Amino acid sequence: QVQLVESGGGLVQVGDSLRLSCAASGRIFSYYDMAWFRQAPGKGREFVAAISWSGSRTYFADSVKGRFTISRDNAKNMVYLQMNNLKPEDTAVYCCAARLRDSSGFTDLNMYDYWGQGTQVTVSS
């Protein structure tokens, strides 16, 4: 089992930045690929960003490319989502997800086995 706890959400203005954090515990963190997904009111869960177990590969949704970055610190069992130039359409609950390392399927939510509870991000115009 892997436990995931997100933090760092909040209410911000258009153009502001936020950094989300996800703390993992329970298993060897470096065995896991990590990802962020988000769910806006009335919509399904969508992929935001993912990072491979080593940090050597990253993936981003087109809607956040150039604005968001994902990183991890395997020594601290942490993964981060740096969000810059936030827009109202970024408003959602952001969830951290984990899966045993694999070579494909980073953007597919069905490929992830462990999920956090989520943290709310609200971008006000």
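Given the structure is predicted, the values throughout are model-derived calculations rather than measurements.

Conventions adopted
- Residues numbered from 1 in each chain as written.
- Predicted model: local features only at pLDDT ≥ 70, side-chain atom pairs only at ≥ 80, totals over all residues.
- Heavy atoms only, no water.
- Pairing = 2+ DSSP bridges.
- Helix = DSSP H or I, 4+ residues; strand = E, 2+ residues; numbered from the N terminus.
- Axes fitted to C-alpha atoms, helices over the stretch in contact; angles between N-to-C directions.
- Buried < 20%, exposed > 50% of the residue type's maximum accessible area, 1.4 Å probe, protein only.
- Contact = heavy atoms within 4.5 Å.

**Q** So, the sheet that holds strand 7 (residues 68–73): which residues are in play, and what are the values?
**A** Strand order in the open sheet made by the four strands is 1-3-8-7, with antiparallel pairing throughout. Only two strands of the sheet have a single neighbouring strand rather than two, namely strand 1 (3–7) and strand 7. Going across the sheet, the axis of each strand differs from the next one's by a mean of 15 degrees, ignoring polarity. Here five bridges tie strand 1 to strand 3 (residues 18–25), and the two strands are oriented antiparallel to one another. Following the sheet pairing, Glu6 is matched in strand 3 by Cys22.

**Q** Please set out the environment of Val2 residue by residue, giving values where relevant.
**A** Note that Val2 resides in the segment before strand 1. Looking at Val2, the relative accessible area reads 10%, which means it is buried. Leaving out residues up to four positions away in the same chain, Val2 has contacts with Ala24, Ser25, Arg27, Tyr32 and Tyr114.

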